[in-house]
Amino acid sequence: AVVSTQSTGDANPNLRSVWGNLIYGEIDWEDERYAPYQNMHLVDFYKYSPTWQDTVLACTQAGVRYCKNIRHDNEPIYTEDFGPTGRCFRFNPDGWIKSKAGDYGSVYLRLNVNRREYLNLDEIYFTIAIHHHAQFSVTRNTGIQISPGFKYKVGVRTVERFELDVTEGGDCRREQGSNSYGAYDLESCHMECRDRYLYHKCNCVLWLPPVDMFNYTVCTLKQVHSCGYPAYVDYIHAITDTDHENEYSCDCPVPCNNTIFNMQTTTTALSKEWARRKWEREGERFNYTVQDILDNYVVLEVYFSDMYIDKVEQIPAYSFWNLLADVGGMMGLLLGASVFTLLEAFTQAWNKVYACSKRNSANSASV
């Protein structure tokens with residue numbers, strides 16, 4: 001089947017106009033062109049974006065296993081959710097797929113950016129984040145951007161960090177568990193703070209968190225335009241202005257345990273010969289030319305550089321036992337005392353007390 005060559009924005013220019021003016025422009029919601037969209041949500045916009053089938057054109061694991069054939073408890077190896085970065089696909093969402101180091105365990109993805117669907121052609125890319133499967137918030141600030149026309153090969157090394165609790169002189173708090181954005185980390189904490197701020201100001205949030213613990217209401221597009229986005233800008237200013245006190249603060253201690261995946265990326269350009277071969281097989285599906293292939297396709301290969309885990313553990317710089325050792329050392333230096341001399345002094349004192357007690361008993365008996 002051939003996918004329609006007309007984008008969502010071209011098919012519905014009024015919807016494109018709403019999106020273009022939603023953040024910075026003026027929208028007359030009484031206008032019959034825009035009134036039908038005032039009760040839509042941001043997620044409704046994102047649902048117009050391309051699906052997994054239109055985005056992920058090829059997916060293999062370990063070079064031979066096709067992703068569509070990999071299932072766990074009859075569930076596919078990907079899920080999708082909607083958030084700050086739009087429609088997000090989560091590969092291996094439960095963490096049950098295991099891998100090996102090097103190319104033998106790599107995941108290969110050929111992606112279609114679907115350039116026609118972009119309302120802003122200045123920046124066209126995917127955001128890729130490699131993270132623990134219990135986290136939901138990492139793509140916002142820690143992901144890498146990959147653009148069409150290139151192949152990206154990403155080597156990954158695992159780092160585990162362990163921080164001391166505040167009771168032990170550290171900065172983390174053991175009571176910090178999971179939150180509405182999955183496992184606790186700094187980014188998820190800030191996103192929770194943002195949601196609380198928006199709900200306080202506008203009585204709604206821009207989108208529901210993955211775990212809706214607070215029964216939030218989602219802002220309509222009209223609310224986003226009038227309150228949601230201005231409040232979001234105010235929140236960013238409030239937490240980044242360190243020179244002035246403001247009415248809102250966000251207390252986000254560092255996580256006690258955190259898994260980090262350090263990435264090393266190499267990039268090569270896709271050749272026209274490669275694009276020609278893909279056009280012969282797939283060009284008809286999207287009505288693409290060879291140049292369209294180069295303008296829309298991006299290849300991503302992710303692998304573990306090795307299977308070692310680097311562990312970084314924070315330990316007390318000065319513990320109780322360090323204090324005890326230092327006190328003992330100072331006593332030995334200044335007084336010439338040691339454990340044996342203290343025992344000897346105690347023994348002598350005891351012998352004198354015992355001798356005096358025995359002499360007194362003898363005197364009493366003679367009287």
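In this text, all values refer to a predicted model and were calculated from it rather than measured experimentally.

**Some details on the state of the cysteines**
Then, in step 1: Overall, the coordinates contain five disulfides when judged by the stated rule.
Then, in step 2: Residue pairing for Cys172: its cysteine sulfur links by disulfide to Cys256, the two sulfurs lying 2.1 Å apart. Linking Cys172 and Cys256, the disulfide has an S-S dihedral of approximately 100° and is accordingly described as right-handed. You can see Cys172 sitting in the loop between β8 (150-162) and α6 (186-202) and its partner Cys256 sitting in the loop between α7 (221-240) and β9 (257-269), a full 84 residues away along the chain. Note on accessibility: Cys172 and Cys256 belong to one class, buried.
Then, in step 3: There is a disulfide in this structure between Cys193 and Cys250, and the S-S distance comes to 1.9 Å. The S-S bond linking Cys193 to Cys250 shows a torsion near 80°; that makes this disulfide right-handed. With Cys193 in helix α6 and Cys250 in the loop between α7 and β9, this pair connects stretches of sequence that are 57 residues apart.
Then, in step 4: We classify Cys193 as buried; its relative accessible area is 2%.

**Regarding the packing of aromatic side chains**
Aromatic rings considered in pairs are described by the distance between their centres and by the relative angle of their planes.
Then, in step 1: Within this structure, the stated rule accounts for nine aromatic pairs.
Then, in step 2: A ring pair is formed by Tyr199 and Tyr216, whose centres lie 5.1 Å apart and whose planes are at 50°; its orientation type is tilted. Of the two residues, Tyr199 sits in helix α6 while Tyr216 sits in the loop between α6 and α7, which places them 17 residues apart along the sequence.
Then, in step 3: Overall, Tyr199 belongs to the partly exposed group, its relative accessible area being 27%.
Then, in step 4: Among the residues examined, Tyr216 registers a relative accessible area of 10% and is labelled buried.
Then, in step 5: Here the aromatic rings of Phe214 and Tyr216 are separated by 5.5 Å at their centres, their planes lie at 40°, and the arrangement is tilted.
Then, in step 6: These aromatic residues form a ring-pair network of at least three members: Trp274, Phe286, Tyr288 and Tyr297.
Then, in step 7: Over the ring of Tyr303 we find Lys153; its NZ or CZ atom is 5.7 Å from the centre of that ring.

Here is what the cut-offs are and how they apply
- Residues numbered from 1 in each chain as written.
- Predicted model: local features only at pLDDT ≥ 70, side-chain atom pairs only at ≥ 80, totals over all residues.
- Heavy atoms only, no water.
- Disulfide = S-S within 2.5 Å.
- Helix = DSSP H or I, 4+ residues; strand = E, 2+ residues; numbered from the N terminus.
- Buried < 20%, exposed > 50% of the residue type's maximum accessible area, 1.4 Å probe, protein only.
- Phe/Tyr/Trp six-rings, centres within 6.5 Å; stacked < 30°, edge-to-face > 60°.
- Lys NZ or Arg CZ within 6 Å of the ring centre and 35° of its normal.

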